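Tertiary structure, described
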Amino acid sequence: MYIGVDIGTSAVKMIAVDEKGTVLRTVSRDYPLYMFDNGFSEQAPEDWWSQTADGLRELTKGLPEVSSVSFSGQMHGLVLLDENDNVIRRAILWNDQRTQKQCDYLNNTIGREVLLENAANIALTGFTAPKILWVKENEPEIFAKVKKIMLPKDYIAYKLSGVFATDVSDASGMLLLDVKKQDWSDKMLEITGVSRGQLPKLFQSYEAVGNVTAEAAKETGLSANAKVVIGGGDQAVGAVGSGIVSEGMCSVSLGTSGVLFVAADNFAVDTSPAAIHAFAHSTGRFHFMGVTLAAAGSNKWWVEEILSTTDYPAEQKNINKVGTNPVYFLPYLSGERTPHNDSMARGAFVGMNMTTTRADMTLAVLEGVAYSLRDILTRVRGLGAKVTTARIIGGGAKSPLWCQIIADILQLRVEKMQSEEGPAFGAAILAMVGAGAFKNVEEACKALIKVTETFEPNKENAANYDKRYPIYVNLYSALKESFHSIAK
């Protein structure tokens, strides 16, 4: 039996699968998220561990012995340990916006060219290196105590195995890794004041780093013989769970954030301001990735906070203007990453009149997120990627209407898979490869992943969206100055 553990922003999700990839059981455990008006977003790593350990005991009860466990993790989060392996402060998360000053320093003073040459990406507020600089500047007494710097999933792997490790896919989002060489960048370490001794050893996502320790076995119910496979960042591992492991394949993740992910055999760097990420993949090769920060998060905000309901299907039931909706929504509720790299961007509805309905505005939210994904796809294609099919994962993928809208706006065939476990299932696949059940990730995906539903682009709707997309694109430029004034 094999286990995949997904350390998410709202909960840890764990699945147990057999050698055929059949899901035997799933368990989820929530933990607090601390968000503040000034854009701070934090979690306690101790909460991740306590809820993971508790969930693993329930997950494995009465099931066969576990051969291996692997991980998917929310990316970029800064976890700091002292010389006694105590967590020094709460982790600063991927969606935290406090580091604009540090990003400006890295991008403008150090220079984008230096960053692209040494880390393949420019600085964004979500990335780890700017967080390190923020702690160094604002909490020097904490920075002085730092002995280990790690990412969220690596903290759980460390608690299980006692091995200080990470993988190249997750490390790609730290802005400390030379992505092309898949090694820590000495230049970036110099810039941030970090030593190699403070950073974990690098592995490929499918590699075992050790076994479960006796102490961790007692806490989790796992066997001390179980292998600990390091896993990867949630987007790379989610792509594995969707079979996005070959050149040109694309995944769309509709979680809290929205991610468009394209697998690539060859390394390339986006030198434009669009901020398309060039990261290592969990397969050992590379991928391109763009992020819209509030995807399903926008829909959740609209339905639950504004409409005060949790009946998502009911809110979509009366939608009847697909392709002809005059209302636009900019999904910048958490600022935006790709393509604007603007922490001060804000959400907006545009185009309402006295005939606008509740359904029109709900549709606008779904379309706005799909338009933002098209922004990303346009720029990824500019790097030479040829994409014909997208596989869709995440909570938003439960909506057939949203899947169809994405197919129409992106003009791609959209596929859903038999397993909807996403990153957790991808982690389980990595666990299987790390234990030797398959010779590589590609072989495992070919054997285990099945497509169950397909959405082809509707030609009429796609043509209508082609006409409307330029209007959406122009709205950010028209409102940028106002956004920045509001944010101040």
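Scroll up a little and you will see the structure.
Everything numeric here is computed off the predicted structure, so don't read it as measured data.

Here the second largest pocket defines a volume of roughly 410 Å³. Considering the residues around the second largest pocket, the lining is formed by 18 residues, among which Asn38, Gly39, Gln97, Ser343 and Arg346 are closest to the centre. Tallied by class, residues from the lining of the second largest pocket come to six nonpolar, nine polar and three charged.

Here the focus is the sheet that holds strand β5 (residues 41–43). Read from one edge to the other, the open sheet built from three strands follows the order β4-β5-β8, with strand pairing classed as antiparallel. Looking at strand neighbours, the two that pair on one side only are β4 (34–35) and β8 (91–92), the edges of this open sheet. Relative to β5, β4 runs antiparallel, the two sharing two bridges. Looking at β5, one finds that methionine 35 is bridged to serine 41.

A few words now on the side chain of arginine 374. Among the structural elements, arginine 374 can be located in helix α12 (residues 358–381). Residue classification places arginine 374 among the buried residues on the basis of a relative accessible area of 15%. Other than its neighbours up to four places away in sequence, arginine 374 contacts Ile409, Leu410, Gln411, Tyr465, Asp466 and Tyr469.

Moving on, we get to the packing of aromatic side chains. Within the structure shown, the criterion is met by 14 aromatic pairs. What links up through ring pairs into an aromatic cluster is the set Tyr328, Tyr371, Tyr465, Tyr469 and Tyr472. For arginine 90, the ring lying beneath its charged end belongs to tyrosine 34, and the centroid distance is 3.9 Å. Its guanidinium or amino end placed over the ring of tryptophan 134, arginine 98 lies 4.5 Å from that ring's centre, counting from NZ or CZ.

Conventions we followed
All residue numbers refer to position in the chain's written sequence, counted from 1. Only residues with pLDDT of at least 70 get local features here, since the model is predicted, and only at 80 or more are side-chain atom pairs given and counted; chain-wide, interface and lining totals rely on the full set of residues. Excluding hydrogens and water, the side-chain values take into account all heavy atoms of the structure. Using protein atoms alone on a 1 Å grid, points that fit a 1.4 Å probe yet trap it form a cavity, whereas open point sets bounded by protein on both sides within 12 Å along at least five of seven lines form a pocket; residues with an atom within 4 Å of a point count as lining. Grid points are joined across faces, edges and corners, and a volume is the space filled by probe spheres set on the points. Basically, the charged four are Asp, Glu, Lys and Arg, the nonpolar ten are Ala, Val, Leu, Ile, Met, Phe, Trp, Tyr, Cys and Pro, and anything else, Gly included, counts as polar. By the convention used here, strands pair only if DSSP detects at least 2 bridges between them. Helix and strand definitions here come from DSSP, where helices need a minimum of 4 consecutive H or I residues and strands a minimum of 2 consecutive E residues; each element is numbered from the N-terminal end. Only protein chains enter the accessibility calculation, which uses a 1.4 Å probe. A residue is then buried if its area is under 20% of the maximum for its type, exposed if over 50%, and partly exposed in between. Contacts between residues were defined by any pair of non-hydrogen atoms, one from each residue, lying within 4.5 Å. By convention, a stacked pair of Phe, Tyr or Trp rings (six-membered ring in the case of Trp) has centres within 6.5 Å and planes under 30 degrees apart, an edge-to-face pair has planes over 60 apart, and any other such pair is tilted. Any Lys NZ or Arg CZ that is within 6 Å of a ring centre and within 35 degrees of that ring's normal is treated as a charge sitting over the ring.

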